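# Structural overview for review
Residue strings, one per chain:
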Amino acid sequence: MTTTPTVLKPAGTAARGLGRTNRRDTWWVAPGIQAVLFTVCATYLFFSGIVWNPLFGTPYLVDGYLSPLFSPLLFPDALPRFISPGLLILWVPLGFRATCYYYRKAYYRFYFADPPGCAVGEPSVHRGYKMETAFPFILQNIHRYFLYLAFIPLTFLWIDAFGAVFGQSGGVRVGLGGVLFFVNVTLLTGYSLSCHSLRHVVGGRLDCFSCTRRQQVRYGLWQRLTDLNRHHMAWAWASLISVTLADLYVRLLALGVIADPAIRL
Ligand code: FES
């Protein structure tokens, strides 16, 4: 006698319903902190990059320090006063961050609760959701192109950092602003080099890592990028905070709220 086998379908581990879970840890703490931090930084950066100068006339360039949100500075005198020059460049880092694999995971959790955490129930309205296979989220797939573009402002930020220290009339100036600029551009470089897409560009689509000299070189680079990639989340948060602080520093200098402690050589 034959018996029909019972087909077991995976039931998933998450309880049904928004926020329902069998987890006993404080799973909501990390997304909660990230939501606050991300919202504060993003709101400040939007205000500073787009609104602050046109509306209140606060300079973004003071004493040899150019805010990282405006670098490279494009056509500052050709634009109408109500348009921030930041608009011409900010779409690159904004697109790069918005489509970043890590940030997608983070803001899908804390803004869309999709899901709020591993094995935590999501809203039932998401059942017809097609994720990144349909508009608008399919646009997330252009991340690689933003990666290529992101190296343009990054190059200018290195030039700015060196210019803030070595490009001053009267010699070398080692100021707190210059230190901040170097820390910021180092963190932004770490963020860009640890990108998942870059790791794939360098080491992906290879069947053999050792067959030719060129493949061996790619394998070596891929290993180094993999080391950086392991900490992509840390690079993402550290660089977001540093770019916010570097801009704030320039603005407070421009407003005369703080002075730039510096050693001149
Ligand atoms: S995956 Fe985060 S920057 Fe590319």
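Look above for the structure.
Residues numbered from 1 in each chain as written. Predicted model: local features only at pLDDT ≥ 70, side-chain atom pairs only at ≥ 80, totals over all residues.

## A short note on the overall build of the protein
- A tally of helices and strands in the protein yields eight helices and four strands.
- The secondary structure elements of the protein, listed N-terminal to C-terminal, are α-β-β-α-α-α-β-α-α-α-α-β.
- Computed over its C-alpha atoms, the radius of gyration of the protein comes to 23 Å, more than 25% above the 18 Å expected for a compact globule of 265 residues.
- Along the longest, intermediate and shortest principal axes, the C-alpha atoms of the protein span 95 × 50 × 35 Å.
- Evaluated residue by residue, the protein yields a buried proportion of 27% over its 265 residues. (Helix = DSSP H or I, 4+ residues; strand = E, 2+ residues; numbered from the N terminus. Rg over C-alpha atoms; globule rule 2.2 N^0.38 Å. Buried ≥ 20, exposed ≤ 12 C-beta atoms within 10 Å, placed from the backbone.)

## Let's talk about the nonpolar core
- By size, the foremost hydrophobic cluster in this structure holds 30 residues, and its most contacted members are Phe181, Leu188, Ala246 and Val250.
- Top element by residues in this core is helix 8 (residues 232-254). It accounts for nine residues.
- If near-sequence neighbours (up to four positions away) are discounted, alanine 246 is found in contact with Pro68, Leu180, Phe181 and Asn184. (Core = buried A, V, L, I, M, F, W, Y, C linked by C-beta atoms within 7 Å. Contact = placed C-beta atoms within 7 Å.)

## Some thoughts on the environment of asparagine 22
- Relative to the elements of secondary structure, asparagine 22 occurs in the segment before helix 1 (29-56).
- On the neighbour-count criterion, asparagine 22 (10 C-beta atoms within 10 Å) is exposed.
- When the C-alpha positions of asparagine 22 and cysteine 118 are compared, they lie 11 Å apart, and in sequence the two are 96 residues distant.

## Focus: the packing of helix 6 (residues 196-203) against helix 7 (residues 213-229)
- The N-to-C vectors of helix 6 and helix 7 enclose an angle of 165°; their axes lie 8 Å apart at closest approach. What the angle tells us is that helix 6 and helix 7 run roughly antiparallel. Seen along the crossing, helix 6 lies across helix 7 with a hand that is left-handed. Only Arg218, Tyr219, Leu221, Trp222, Leu225, Thr226 and Asn229 of helix 7 make contact with helix 6, whose side of the interface consists of His196, Leu198, Arg199, Val202 and Gly203.
- Here the residues of the contact of helix 6 with helix 7 are counted per class, giving six nonpolar, four polar and two charged. (Axes fitted to C-alpha atoms, helices over the stretch in contact; angles between N-to-C directions. Parallel < 35°, antiparallel > 145°, perpendicular 65-115°, else oblique. Left-handed = near helix turned anticlockwise from the far one by under 90°. Nonpolar A, V, L, I, M, F, W, Y, C, P; charged D, E, K, R; others polar.)

## Some remarks on unusual backbone geometry
- Along the chain, aspartate 114 connects to proline 115 via a cis peptide bond; the corresponding omega equals -10°.
- With respect to the helices and strands, the residue proline 115 is situated in the loop between helix 3 (101-110) and helix 4 (143-166).
- Note the cis peptide between phenylalanine 135 and proline 136, where omega equals 5°.
- Here proline 136 is to be found in the loop between helix 3 and helix 4.
- You will see that phenylalanine 75, though not glycine, has its phi angle at about 45°, which is positive.

## Topic: the packing of helix 4 against helix 5 (residues 176-193)
- The geometry of helix 4 relative to helix 5 is characterised by a closest axis approach of 9 Å and an angle of 160° between their N-to-C directions. Between helix 4 and helix 5, the angle is such that the two are roughly antiparallel. As for how helix 4 packs across helix 5, the hand of that crossing is left-handed. Contacts between helix 4 and helix 5 pair Ala150, Phe151, Leu154, Leu157, Trp158, Asp160, Ala161, Ala164 and Val165 from the former with Gly177, Gly178, Phe181, Phe182, Val185, Leu188, Thr189 and Ser192 from the latter.

## What about helix 2 (residues 87-98)?
- With 12 residues, helix 2 ought to run about 16 Å at 1.5 Å a step, and its terminal C-alpha atoms sit 16 Å apart, in line with that.
- Within the span of helix 2, buried status applies to Ile89, Pro93, Phe96 and Arg97. The buried residues of helix 2 occupy one face: seen down the axis, they fall within an arc of 100°.
- On its buried face, helix 2 is in contact with helix 3 and helix 4. (Expected span 1.5 Å × (residues − 1). Arc of directions from axis to C-beta.)

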